Structures are given as structure tokens and as C-alpha cells.
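Breakdown of the fold
Here's the letter readout for the chains.
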Amino acid sequence: MTTRGARAAGHGVRGDLFDPHCPTRQLLDRIGTKWTSMAVKTLADAAPDEVRFAELRRRMPGVSQKMLSVTLRSLTRDGLVARRVEPTVPPRVFYRLTGLGLSLEAALAGLRTWAEEHMAEIDRANEAAAQEADEG
């Protein structure tokens, strides 16, 4: 895909991961993080209901307020999450997955399941590699 083709990817044309100019690469960087996977799962579990920011943070152990904010801003910009603000003091902010976000959850669920099922094997491989590096 050329640069022109990469721009077209945003207009219904399929992207090409192997084209260095294709925005698919940046999209995978954004959706491939642990925080994105956890946020999407948490919102999917609540669907079709909305979840407040503070509740999302409680359900995502280890995430900082800043990282959750950055993650939600990115998901919202990409059209995966809808954000609603109630003009109270302080403002009450609610999030929910869009249809596009729900479709991402199906893909991420498979990846999360694979990671959870194979984590012990990955740990053993890492331990073996570390031991080999120490010996060699």
C-alpha cells in the first residue's frame, strides 16, 4: 500500500500491516496494550451499561489515573468507546463500548485467553533462556 493507499485505509479500504506507511501499525500499537485490553474487557462486561471513570479504575488493578485517562482518550478518539459527561460539580464522566469496540472485544478475548492459558509455558521458556544466558 502506498502513502495514498494508507490514507485510503481510513475510508473503507483494508490496511496492510507490512506497508511501513499504513496506519494499521499505529492502530495495533494502540489496541495492543494491557490497559486497552483491560479497559475494553471491563466495559464489555458492563455492556450495554456505562461505567464511571472511578469505577473503571477500581476494576483495573494497577492502572494509574493518568494511564487510564490516556487509554480512554485514545479509545474514544478511535471510535471504540463513547464518553458522556454530566455537567455536575465535579463532572460525572461515563464510558461505554461502541459497536466497533464490542467487535474489538471479541478479538482481544481470544488473545487474553491464549495468554492466560500459555503463561506457564512462556515463563518456563524465559527461565530457560535466562539460565542459558547465565551459563554461556
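What counts and how
Residues numbered from 1 in each chain as written. Predicted model: local features only at pLDDT ≥ 70, side-chain atom pairs only at ≥ 80, totals over all residues. Heavy atoms only, no water. Helix = DSSP H or I, 4+ residues; strand = E, 2+ residues; numbered from the N terminus. Rg over C-alpha atoms; globule rule 2.2 N^0.38 Å. Buried < 20%, exposed > 50% of the residue type's maximum accessible area, 1.4 Å probe, protein only. Core = buried A, V, L, I, M, F, W, Y, C linked by side-chain atoms within 4.5 Å. Contact = heavy atoms within 4.5 Å. Phe/Tyr/Trp six-rings, centres within 6.5 Å; stacked < 30°, edge-to-face > 60°. Lys NZ or Arg CZ within 6 Å of the ring centre and 35° of its normal. 1 Å grid on protein atoms, 1.4 Å probe; cavity = no way out; pocket = protein on both sides within 12 Å on 5 of 7 lines; lining within 4 Å. Points joined across faces, edges and corners; volume = space filled by probe spheres on them. Nonpolar A, V, L, I, M, F, W, Y, C, P; charged D, E, K, R; others polar. Pairing = 2+ DSSP bridges. Expected span 1.5 Å × (residues − 1). Arc of directions from axis to C-beta.

The name an unreviewed UniProt entry gives the protein chain is HxlR family transcriptional regulator, with Streptomyces lydicus as the organism.

In this section: the overall build of the protein chain. Each helix and strand in the protein chain was counted, giving six helices and three strands. Its helices and strands in sequence order give the protein chain the pattern α-α-α-β-α-α-β-β-α, from N to C terminus. Relative to a compact globule of 136 residues, whose C-alpha radius of gyration would be 14 Å, the protein chain shows 19 Å and is clearly more extended. By its C-alpha atoms, the protein chain is 60 × 40 × 25 Å across when sized along the principal axes. Looking at the protein chain as a whole, 26% of its 136 residues qualify as buried.

On to the nonpolar core. In globular proteins that are soluble, nonpolar side chains generally tend to be buried together. With 22 residues, the main nonpolar core has Leu43, Leu56, Leu68, Leu72 and Tyr95 as its most contacted residues. Of all the elements in the fold, those that place two or more residues in this core are α3 (34-46), α4 (53-59), α5 (65-77), β3 (92-97) and α6 (99-135). For this core, the leading source of residues is α3, giving six residues. Here leucine 56 is in contact with Thr42, Leu43, Val51, Leu68, Leu72 and Tyr95, once residues within four sequence places are set aside.

Inspection of the entire model under this criterion finds zero aromatic pairs. When the ring centre of phenylalanine 94 is taken as origin, the NZ or CZ atom of arginine 52, which lies over that ring, is 6.0 Å away. In this structure, arginine 84 packs its charged tip against the face of phenylalanine 94, placed 4.4 Å from the ring centre.

Moving on, we come to the layout of surface pockets. Reported here for the largest pocket is a volume of approximately 150 Å³. The wall of the largest pocket is formed by Phe53, Gln65, Ser69, Leu72, Arg73, Thr76, Arg83 and Tyr95. With five residues, α5 is the single largest residue contributor to the lining of the largest pocket. In terms of residue class, the lining of the largest pocket is made up of three nonpolar, three polar and two charged.

To continue, consider the sheet that holds β3. Taking strand neighbours across the sheet as the criterion, the three strands line up as β1-β3-β2 in an open arrangement whose pairing is antiparallel. Each edge of the sheet is formed by a strand with only one pairing partner; in this case those strands are β1 (51-52) and β2 (81-86). Relative to β3, β1 is paired through two bridges, and the arrangement is antiparallel. By the bridge assignment for β3, valine 51 is matched with tyrosine 95.

Our next topic: α5. For α5, spanning 13 residues, the distance from its first C-alpha to its last is 18 Å, which sits close to the expected 18 Å at 1.5 Å a residue. The complete set of buried residues in α5 reads Leu68, Thr71, Leu72, Ser74 and Leu75. Relative to the axis of α5, the buried residues are bounded by an arc of 160° and lie together on one face. Away from its buried face by more than 90 degrees, α5 exposes Lys66 and Arg77. Elements that come into contact with the buried residues of α5 comprise α2 (24-31), α3, α4, β2 and β3. In the segment just after α5, glycine 79 is the residue with positive phi, at about 80°.

As a further point, take the side chain of serine 37. Here serine 37 shows up in helix α3. With residues near it in sequence (within four places) discarded, serine 37 still touches Leu108 and Arg112.

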